[in-house]
Amino acid sequence: MNREHLKDIVEEKLAAVEIVDIHTHLFPASFEGMLLWGIDEILTYHYLIAEYFRYSEMEYADFFRLPKSEQADLVWNTLFLERSPVSEAQRGVLTVLKRLGLDVGARSLNVYRDHFRSLTLEQHLDNVFKAAGVKEVVMTNDPFDPQERGIWKQGAAQDPRFKSSLRIDPLLLDYPQVVRTLQAEGYEVDADLGGNSAAEVCRFLEDWIKRIDALYLGASLPATFSAADASLSWRVLKECVLPVCREHGLPLALMLGVKRRVNSGLELAGDSVGKAEIGVVERLCAEYPANKFLVTMLSRENQHELAVTARKFRNLMIFGCWWFLNNPSLIEEITVMRLELLGLSFLPQHSDARVLEHLIYKWDHSRAVLGRVLLEKYEDLLTAGWNLTEEQIEADLGELLGGNFYRFLQA
Ligand code: HDL
Ligand code: ZN
């Protein structure tokens, strides 16, 4: 295979691979309005709200009291009409509009609104998955959210493209606070995890794993999270979460390094980043070899040590360029480093999509970077005299964008 041909093959195979998006905040259309979609949701994505407030002196509360369409107007005028939308989240809006066939040059929010108003959600959802090249997404399912709990208990219609994960942050980070919810749900737990509480927390986890058919358990943990043995967090982890994951062969997905609400006025946009303690990952992988850990870290400074840690533990699968790392310059830097340290044994990306149409821009932008860095690595192989085949390139991409995930689930 020659270099000119190689570039076309990589692009062609990337465009054709059916992506498994292992972490999103999306829901099927049947989940009673929990799925965010359409231009006003796209423009009021918390990434864009943070960027809007770089230019606005408005009181945060006054902004959030506005109807979503008026929030969207402010974001559109400030970030798109008054100056060029060069940030990743801003560019993402244009990619979505263009890929949905809208006239980006028109710059008319009302024309775009008319288009979205003309759509049926079911058809639009099919179109978005197809345009994004996504086969299935894993949801973030929160048993502590009363609305979502109700939907699962009523038995919402399932959509095979939406897989489930059980999100348990409050159980790990604020156990005393969730005790009342657990008790109200019929689990005999007490605030210091005494008596039969651990067994009851396990029963809660197992009931939900079965109810939603969870592919993994997940939690986002702060940069300060440490392996403090006596802490309630670590006890819930050791006595409940890890045994249940082992019992059911499920990975525990840890998303490390968030600093919640450094500016609470910004609500969801108010979270920031901190360098987390890689020792927590090392200790979990070493002390629990029968458990599987999916890990992503939010700080750029954690990326090299995370990739090196994955070299040490086969029960560790690292994934994604998460949140503040989901920008072309950092995706490139991190993915090249991971290919050089781990070969193809990692999951390069997840979208973290909160709004349906995010699937289009987040995967378009990441695929472009992945294609560039992989092409370079394949060219190095050609230089070394290695023969490459189209079938092998297709297989490599299938592993990176889904196969590694399912292999890890079955390990
Ligand atoms: O905790 C998480 O799952 C994060 O992804 C947060 O939802 C964050 O607000 C986000 O959307 N990041 O992309
Ligand atoms: Zn997320």
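Residues numbered from 1 in each chain as written. Chains lettered and ligands numbered in written order. Predicted model: local features only at pLDDT ≥ 70, side-chain atom pairs only at ≥ 80, totals over all residues. Heavy atoms only, no water.

Turning our eyes to something else, we now look at the side chain of aspartate 169. The residue aspartate 169 is located in helix α10 (residues 169-173) in this model. Within the structure, the side chain of aspartate 169 is placed 3.2 Å from the backbone nitrogen of serine 220, a separation counted as a polar contact. Sequence-distant contacts of aspartate 169, defined by excluding residues within four places in its chain, comprise Asp174, Gly218, Ala219, Ser220 and Arg260. (Helix = DSSP H or I, 4+ residues; strand = E, 2+ residues; numbered from the N terminus. Polar contact = N/O pair within 3.5 Å; in protein donor to acceptor, adjacent residues only side chain to side chain. Contact = heavy atoms within 4.5 Å.)

In this structure, glutamine 349 sits in the loop between α16 (328-342) and α17 (358-383). Residues within four places of glutamine 349 in sequence aside, it is in contact with Gly320, Cys321, Asn326, Ile331, Trp363 and Ser366.

The next subject is the site of ligand 1. In the neighbourhood of ligand 1, the contacting residues comprise His23, His25, His46, Tyr47, Arg167, Ser220, Met255, Arg260, Trp322, Trp323, Asp352 and Arg354. Histidine 25 places a side-chain nitrogen or oxygen 3.2 Å from an oxygen atom of ligand 1. One nitrogen or oxygen atom from the side chain of arginine 354 is found 2.6 Å from an oxygen atom belonging to ligand 1. Bound to the protein, ligand 1 loses 98% of the 330 Å² it would expose on its own. More than half of the atoms of ligand 1 fall within 2 Å of the grid points belonging to the largest pocket. (Near = heavy atom within 4 Å. Areas by Shrake-Rupley, 256 points an atom, 1.4 Å probe, with all protein chains shown as cover. 1 Å grid on protein atoms, 1.4 Å probe; cavity = no way out; pocket = protein on both sides within 12 Å on 5 of 7 lines; lining within 4 Å. Sits in = over half its atoms within 2 Å of the grid points.)

Now for helix α11 (residues 175-184). The α-helix winds at 3.6 residues per turn, so residues separated by three or four positions along the chain end up facing the same way. Within α11, the full set of buried residues consists of Tyr175, Val178, Val179 and Leu182. The buried side chains of α11 occupy one side of the element, clustering within an arc of 135° when seen end-on. Seen from the open side of α11, the exposed residues pointing more than 90 degrees away from its buried face are Gln177, Arg180 and Ala184. Against α10, α12 (197-212) and α13 (232-248) lie the buried residues of α11. Within two residues after α11, glycine 186 carries a phi angle of roughly 95°, on the positive side. (Buried < 20%, exposed > 50% of the residue type's maximum accessible area, 1.4 Å probe, protein only. Arc of directions from axis to C-beta.)

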